[in-house]
Amino acid sequence: MTKQTLVLLYGGRSAEREVSVLSAESVMRAVDYSKFFVKTYFISQKGDFYKTQEFSQKPDISEKLMTNKSLNEASQIKPSDIYDEGAIVFPVLHGPMGEDGSIQGFLEILRMPYVGTNILTSSLAMDKITTKRVLESAGVPQVAYTVFIEGDDLETCIKESKETLSYPIFVKPANMGSSVGISKAESEEELRAAIELALKYDSRILIEQGVNAREIEIGLLGNGQIRSTLPGEVVKEVAFYDYQAKYIDNKIKMAIPAEIDPQLVTKMRTYAEKAFKALGGCGLSRCDFFLTADGQIYLNELNTIPGFTQWSMFPLLWENMGLSYSELIEELANLGMKMFEKREEHLI
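Starting afresh in each chain, residues are numbered from 1 along the sequence in its written order. Given that this is a predicted model, residues contribute local features only at a pLDDT of at least 70 and side-chain atom pairs are listed and counted only at 80 or more, while totals for whole chains, interfaces and linings are drawn from all residues. Side-chain measures were taken over the full set of non-hydrogen atoms in the model, leaving aside hydrogen atoms and water.

## A few points about the overall build of the chain
Operational definition: A run of H or I in DSSP counts as a helix once it spans at least four residues, and a run of E counts as a strand once it spans at least two, with each numbered from the N terminus. Exposure is judged per residue with a 1.4 Å probe applied to protein chains only, and the accessible area is read against the type maximum: over 50% gives exposed, under 20% gives buried, and values in between give partly exposed. Contacts are assigned to residue pairs that have any heavy atoms within 4.5 Å of one another. Computed with the Shrake-Rupley method and a 1.4 Å probe, the accessible areas treat only the protein chains shown as cover for residues. The charged-residue count follows a simple rule in which Lys and Arg add positive charge and Asp and Glu add negative charge, with His and chain termini not counted at all. A charge is said to be at NZ when it belongs to Lys, at CZ for Arg, at CG for Asp and at CD for Glu.
In terms of regular secondary structure, the chain is built from 10 helices and 15 strands. Considered along the principal axes of its C-alpha atoms, the chain spans approximately 60 × 50 × 45 Å. The burial tally for the chain puts 54% of its 348 residues in the buried class. Looking at the chain alone, contacts between residues at least 24 apart form 69% of all its contacts between residues at least 6 apart. Summed over all atoms, the accessible surface of the chain reaches about 15500 Å², with 49% contributed by carbon and sulfur. Positive and negative side-chain charges in the chain, numbering 37 and 49 respectively, have mean positions lying 2 Å apart.

So, in C-alpha cells, the structure goes:
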C-alpha cells in the first residue's frame, strides 16, 4: 500500500507560534503511519522556511520539532521547496499568516492540496470585525460591539463605546487568536489601556460587550455536507480565560459533552453550521458561543485552525462523537484532497 505524504507546516510569524509547535508535535505522534508518511517544515519568527524531520513511523515521545530556539541554519530552504507532488499540507499554523488566507493562497499557487478552509473563508473568519458583519447579515446572534480602527478618532470611539456598551467590556485585536492581546476593561481608564495593548497586535480593534455566560464550543467538519459535534464547555478556574490561563498555567477544564438543554444544543448546532456556510467554510472549524443563564445564545467567533493538541477542545469534541484523533487527521486530509480536486475542476 502506497502511503500518502502529509506535510506538517508549523511555527509561523504570529504571536501564536508556540501553540503551533505544540499542535504539530501532537499531530506527528497521532498520525496513522500505516497510511501516512510525514514531512515537517518550520516557519521561523522571521518568516524563513526550514526543512525538519521526516517520519515513516510514530516518533518517540522524546522527539521534538525545531523551534525558534533551536534553529539549524543549514536546514533553511526556499518556501517553494516544500512542494511534493501528490502530498497534502496540514498547515498547523495559528493566527496571522497562518489561518488568515495568506498561507492558503501560497499553497494554491504551488498547486498543493491542504487541510482546512480556503483563502476567502480563512481571511473572513480571521478578522473578528468582518466575521461579525457577515454573520449579522445571516441572522446569527452576537453580543453588542463597537470598532476602533487605527487612525480613527479615539475619543469618538470611547464615547460611542460608553453609550453602546456597559462594563465589563472586552477589547480584542481583530486578527489574533488564542486570547493574545485581549483585555477585560471595568472602567474608562482600563478601556483606554486595553485599546493601547490591542493596537500592538493589530490596527483593527473589536470592542465587545462582556456577558456573564458559559463558554460553549462546537466542532465542524465537512465540505458541502457539514457535520457538527455535541457541544463542549470551557470550565474556567479563573475569571478571564486569557493566553496565560490557556497555555501556560493550564487553569481550564473542559466538560464534553456540556450539560445543556437539548433544545439549546440543537439551536447552537444549527447556528454553527449556518455560520460556517455563510463564510463559505470547508474542511474544519470550531464555533465558539456564549450561553447566558436565561438561555440567550451569542456566537463569539469561528476558528478555522483551532488548537490541535491531543488535549485541545476540537479533537476531544470529535472523539466524543466516535472519531479518534488519528481518524480525525485522516478525515481532514481526505476533505482537503477533495476540495483541491474541486478547485482544479473549476479552473476551466
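## Side note on the side chain of Asp127
So the rule is basically this: Under this definition, polar contacts are N or O atom pairs within 3.5 Å; protein pairs additionally need one hydrogen-donor-capable and one acceptor-capable atom, and for neighbouring residues in sequence, both atoms have to be side-chain atoms.
You can see Asp127 is positioned in the loop between α3 (119-126) and α4 (128-137). In terms of polar contacts, Asp127 uses its side chain to reach the backbone amide nitrogen of Thr130, at 2.8 Å. Other than its neighbours up to four places away in sequence, Asp127 contacts Ala174, Asn175 and Arg204.

## Looking at the sheet that holds strand β4 (residues 76-77)
The strands that make up a sheet are held in pairs by hydrogen bonds between backbone atoms, and each pair lies either parallel or antiparallel. Which entries qualify depends on this criterion: Any two strands between which DSSP finds at least two bridges are classified as paired. A fitted line through C-alpha atoms represents every axis, and for helices the fit uses only the stretch in contact; the resulting angles, taken between N-to-C directions, go from 0 to 180 degrees.
Taking strand neighbours across the sheet as the criterion, the 5 strands line up as β4-β3-β2-β1-β5 in an open arrangement whose pairing is mixed. In this open sheet, the two strands that pair with only one neighbour each are β4 and β5 (88-92). In this structure, strand β3 (residues 49-55) lies alongside β4, joined through 2 bridges in antiparallel fashion. Along β4, the bridge assignment pairs Tyr50 with Gln76. Those strands touched by helix α1 (residues 17-30) are β1 (4-11), β3 and β5, and its axis lies near 155° from that of β1.

## Here's the deal with the sheet that holds strand β9 (residues 204-209)
The strand order β6-β9-β7-β8 describes an open sheet built from 4 strands, whose pairing is antiparallel. Looking at strand neighbours, the two that pair on one side only are β6 (145-149) and β8 (183-185), the edges of this open sheet. Each neighbouring strand pair of the sheet contributes to a mean axis angle of 25°, computed without reference to strand direction. Sitting on the sheet, helix α5 (residues 154-164) is in contact with β6 and β9, with an inclination near 175° to β6. Sheet contacts for helix α6 (residues 188-198): β6, β7 (169-173), β8 and β9; angle to β7, the most-contacted strand, approximately 15°.

## Regarding empty space enclosed by the protein
Threshold: Residues are called lining when one of their atoms sits within 4 Å of a cavity or pocket point, these points coming from a 1 Å grid over the protein atoms alone, where a cavity is a set in which a 1.4 Å probe fits but cannot get out and a pocket is an open set with protein on both sides within 12 Å along at least five of seven lines. Grid points are joined across faces, edges and corners, and a volume is the space filled by probe spheres set on the points.
Across all of its chains, the model carries 3 cavities of 30 Å³ or more by this definition. What the largest cavity holds in volume is close to 90 Å³. Taken together, 10 residues form the lining of the largest cavity, with Glu99, Ala125, Met126, Glu301 and Leu302 sitting closest to its centre. Among the secondary structure elements, those contributing two or more residues to the lining of the largest cavity are α3 and β15 (297-303).

## Describing unusual backbone geometry
For the peptide bond that leads from Tyr167 to Pro168, omega is 5°, which places it in the cis range. As for its position among the elements, Pro168 is in the loop between α5 and β7. Here Ile256 and Pro257 are connected by a cis peptide whose omega angle stands at 0°. Looking at the element boundaries, Pro257 is found in the loop between β13 (252-255) and α8 (262-278). Even without glycine at this site, Arg111 takes up a positive phi of about 60°. The residue Arg111 is located in the loop between α2 (102-109) and α3 in this model.

## Here's the deal with helix α9 (residues 313-320)
For α9, the set of buried residues is Met313, Phe314, Pro315, Leu317 and Trp318. Summarising the contacts, the buried residues of α9 are in contact with β10 (213-222), β11 (227-228), β12 (232-236), β13, β14 (283-292) and α10 (325-346). One or two steps after α9, the chain reaches Gly322, where phi turns positive at roughly 100°.

Fair warning: the whole summary comes from geometry, so function is off the table for now.
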